[in-house]
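Observations on chain architecture
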Amino acid sequence: MIEMKNVHKVYDNGVTALSGISTKIEAGEFVYVVGQSGAGKSSFIKLMYHEEVPTDGKVNINHIDIGKMKKRQVPYLRRNIGVIYQDFKLLPKLTAYENVAFALEVIEENPRKIRRRVMDVLDKVGLKHKARFIPAQLSGGEQQRVAIARAIVNNPKIVIADEPTGNLDPDTSWEIMRIFEEVNDTGTTLIMATHSREIVNSIRKRVIAMENGQIVRDEHRGEYGYED
Amino acid sequence: MKISTLSRHMREGAKNLIRNSWMTVAAVGAVTTTLVLVAAFLILMLNLNQIAENIEADAEIRAFIQLNTNDEDIDAVGQKIESINQVSSYEFSSKEDELDNLIEDLGDEGEAYELFEQDNPLNHVYIVQTEEAEDLAPVAAEIEQFSEIESVEYGSETVERLLQFNEYARYVGIGFIAALLLTAIFLISNTIKMTITARSDEIGIMRLVGAKNSFIRGPFFVEGLLTGVIGSIIPITIVLTGYHFLYVNLNDRLNFQFIELLPWNPFAWQLSLMLLGIGAFIGIWGSVMSVRKFLRV
């Protein structure tokens, strides 16, 4: 599903974020990406949805080299990938329903289908009853659930989460993880960058640990593995 | 494009114009000012052009034939004139015709000349027209060489100077209009850019969930179009009323044969349509340009 071969990433300002990354993530896997700030986690996952392109090396998604992808093909790649951030990135003036529907409207989905799909995913994340609330009226956990609903509303094959529980208290974090496991159970590949030792050590999954732009550890059912 | 998409773009574009009403006023103002200036230049340029065309069309050589030339030789001269390459048409005007024209041109005073009908002192004349106004001088010189020709006359220097002036005026005018349009596009683009920071989150999310760039540009296109169209209302009003006023008041006072303003109808309407087009163009271009920075991958 996702394959990286000797990927290097050097930013325009000369900072080397990744040096020689090679890895393979199969369809349906659940992968934690751990490492200290600046280790290259964000650059690593940004390569997967073409937010960044590799300076050198290959990134293949479904056997397509996305480094060579044409600009106008990028939107179609992203329709197959849901992205979730630490700060939710919801539009403040839109309701929960509208925020989720927005993702389908802008890819010109059929309005009738939008209505059905949006209510379905809001139900899945347990927020059907708060569909008419705007983000300011929702708690952090609820906002993140809206963001998750938006990420999965188009049935993507891959969901990428960049420190999704970073702004949330522990109880809420477990709720989010439960939803992620459900999403992963339906066959969606889930990649999650995180700083949470508790989560990684209790919900055991594959762990890719990064340091100085390189993968230093990659184990199934791994541990968080280092002191913060 | 789907109808639902189109209506979404229109809704979003109009909403943004209303939400950022002061920026809209600024952008519309830029279009209005530009178009008023462009209209003034266009009126000047197109009328100069028209005058030049009239002069070119009127430009002719009058070749006076020696008094004692017989009819056969006169015909021969006609054939020689016809054989000159640059000549587009020529016409024989007998001395009787010439006298009639003279009498007619002079109006009341002309009656005095009616006496000459008994003993006409005028020459027969060949009136020659050339393809291009620039050919007048060389053709006139060539005709003057014929032994049967007493002299030639053509509006030499005046015509040339007018045409020259018109050419310069055209270049200067086009230059000014181009500069004006670029300035307006720049102004509109910068004005809309000020409103865009508020929308950059929205654009970011659109890109993230896989909206096409053309889709993201949609509302900006509508916004630019509306800005341009609204901005052209005042200039069009000015053109339609102002040119009417100008035409009525000025045209009667200009009683030179060759200086005639373009008639209000259809010129003012054509110009209005042109202004609407230019307004829409600079509005759309400026607006779409402002979003470009956000669409780079």
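Residues numbered from 1 in each chain as written. Chains lettered and ligands numbered in written order. Predicted model: local features only at pLDDT ≥ 70, side-chain atom pairs only at ≥ 80, totals over all residues.

- Chain B carries the name Cell division protein FtsX in an unreviewed UniProt entry, which gives Alkalibacillus flavidus as its organism.
- Check the Subcellular location (unreviewed entry) section of the UniProt entry for chain B; it says "Cell membrane".
- In its Function (unreviewed entry) section, the UniProt entry covering chain B states "Part of the ABC transporter FtsEX involved in asymmetric cellular division facilitating the initiation of sporulation." (UniProt positions renumbered as here; feature names shortened; annotations may be inferred.)

- Naming follows an unreviewed UniProt entry, where chain A appears as Cell division ATP-binding protein FtsE of Alkalibacillus flavidus.
- Comment text from UniProt for chain A, heading Function (unreviewed entry), reads "Part of the ABC transporter FtsEX involved in cellular division."
- Per UniProt, the comment on chain A under Sequence similarities (unreviewed entry) is "Belongs to the ABC transporter superfamily."

1. Regarding the overall build of chain A
- In terms of regular secondary structure, chain A is built from seven helices and 10 strands.
- Against the compact-globule benchmark of 17 Å for 228 residues, chain A has a radius of gyration of 17 Å, which places it among compact chains.
- Here the C-alpha coordinates of chain A stretch approximately 45 × 40 × 35 Å along the principal axes.
- Taken across its 228 residues, chain A has 41% of its residues classed as buried.
- Contacts spanning at least 24 positions in sequence make up 67% of the contacts within chain A whose residues lie at least 6 apart. (Helix = DSSP H or I, 4+ residues; strand = E, 2+ residues; numbered from the N terminus. Rg over C-alpha atoms; globule rule 2.2 N^0.38 Å. Buried ≥ 20, exposed ≤ 12 C-beta atoms within 10 Å, placed from the backbone. Contact = placed C-beta atoms within 7 Å.)

2. Notes on the domain arrangement of chain B
- Each assigned domain of chain B is listed here: domain 1 (3-55 + 160-295) and domain 2 (60-154).
- For domain 1 of chain B versus domain 2 of chain B, the separation of C-alpha centres amounts to 51 Å. (Domains from an automatic or database assignment.)

3. Describing the sheet that holds strand E2 (residues 16-25) of chain A
Residues and elements named next belong to chain A.
- Judged by pairing direction, the sheet is antiparallel, and its four strands sit side by side in the order E2-E1-E4-E5 without closing on themselves. Pairing within the sheet leaves two strands with one partner each, and these edge strands are E2 and strand E5 (64-65).
- When strand E4 (residues 56-61) meets E5, the two strands line up antiparallel, connected through two bridges. In the strand pairing of E5, Asn 60 is matched with Asp 65. (Pairing = 2+ DSSP bridges.)

4. Quick look at the sheet that holds strand E7 (residues 158-162) of chain A
Residues and elements named next belong to chain A.
- Spatial ordering of the open sheet is given by E6-E7-E8-E3-E9-E10, a layout of six strands whose pairing is mixed. Both outer strands of the open sheet, strand E6 (81-85) and strand E10 (214-219), are each paired with one neighbouring strand and no more. Across this sheet, the average inter-strand angle for adjacent strands is 15 degrees, counted without regard to direction.
- Strand direction decides the pairing type here: E7 and strand E8 (residues 189-193), joined by five bridges, are parallel. Considered in E8, the bridge of Ile 158 is made with Thr 189. (Axes fitted to C-alpha atoms, helices over the stretch in contact; angles between N-to-C directions.)

5. Considering the interface of chain B and chain A
- Each side of the interface is counted separately: chain B has 15 residues, and chain A has 16 residues.
- Mapped onto the side of chain B that touches chain A, the elements with two or more residues apiece are helix H1 (3-19) and helix H7 (200-208) of chain B.
- Residues belonging to the side of chain B that touches chain A are distributed by class as follows: seven nonpolar, three polar and five charged. (Nonpolar A, V, L, I, M, F, W, Y, C, P; charged D, E, K, R; others polar.)

6. Some remarks on helix H10 (residues 264-291) of chain B
- Over its 28 residues, H10 of chain B extends 40 Å from the first C-alpha to the last, a length consistent with the 40 Å expected when each residue adds 1.5 Å.
- Burial in H10 of chain B covers these residues: Ala 268, Leu 271, Leu 275, Ile 278, Gly 279, Ile 282, Gly 283, Ile 284, Gly 286, Ser 287, Ser 290 and Val 291 of chain B. (Expected span 1.5 Å × (residues − 1).)

7. Regarding H1 of chain B
All names here are of chain B.
- For H1, built from 17 residues, the straight-helix expectation of 24 Å at 1.5 Å per residue is met to within 8% by its first-to-last C-alpha distance of 24 Å.
- Listing the buried residues of H1 in full gives Gly 13, Asn 16 and Leu 17. End-on view of H1: buried residues confined to an arc of 100 degrees, all on one side of the axis. Relative to its buried face, H1 has exposed residues pointing more than 90 degrees away, namely Ile 3, Ser 7, Arg 11, Ile 18 and Arg 19. (Arc of directions from axis to C-beta.)

8. Thoughts on unusual backbone geometry
- Cis geometry is adopted by the peptide bond preceding Pro 266 of chain B, which originates at Asn 265 of chain B and carries an omega value of 15 degrees.
- Within the secondary structure, Pro 266 of chain B sits in helix H10.
- One non-glycine residue, Asn 155 of chain A, lies in the positive phi region at around 50 degrees.
- On the secondary structure map, Asn 155 of chain A appears in the loop between helix H5 (140-152) and E7.
- For Glu 163 of chain A, which is not a glycine, the phi torsion comes out positive at approximately 50 degrees.
- Tracing the chain through its elements places Glu 163 of chain A in the loop between E7 and helix H6 (170-185).

9. Brief notes about the UniProt feature "domain: FtsX extracellular" (unreviewed entry) in chain B
- With numbering aligned to this structure, UniProt lists the feature "domain: FtsX extracellular" (unreviewed entry) at residues 60-152 of chain B.
- Between the C-alpha atoms that bound residues 60-152 of chain B there is a distance of 10 Å. The span itself is 35% helix and 24% strand.

10. A closer look at the packing of helix H9 (residues 233-251) of chain B against H10 of chain B
Residue and element names in this part refer to chain B.
- H10 packs onto H9 with a crossing angle of 160 degrees between their chain directions and a minimal axis gap of 9 Å. Compared by their axis directions, H9 and H10 come out roughly antiparallel. Crossing of H9 against H10: the hand is right-handed. Between H9 and H10, the contacting residues are Pro 235, Ile 236, Val 239, Leu 240, Tyr 243, His 244 and Tyr 247 on the first element and Trp 264, Ala 268, Leu 271, Ser 272, Leu 275 and Leu 276 on the second.
- Taken together, the residues of the contact of H9 with H10 sort by class into 11 nonpolar, two polar and no charged. (Parallel < 35°, antiparallel > 145°, perpendicular 65-115°, else oblique. Left-handed = near helix turned anticlockwise from the far one by under 90°.)

11. Remarks on the environment of Thr 5 of chain B
Residue and element names in this part refer to chain B.
- Looking at where Thr 5 falls in the secondary structure, it is placed in helix H1.
- Classification of Thr 5 as partly exposed rests on a count of 15 C-beta atoms within 10 Å.
- In this structure the C-alpha to C-alpha distance between Thr 5 and Gly 218, which are 213 residues apart in sequence, comes to 8.8 Å.

12. Focus on the environment of Phe 294 of chain B
Residue and element names in this part refer to chain B.
- For Phe 294, the location among the structural elements is in the segment after H10.
- We classify Phe 294 as buried; it has 20 C-beta atoms within 10 Å.
- Placed 266 residues apart in sequence, Phe 294 and Val 28 show a C-alpha to C-alpha distance of 23 Å.

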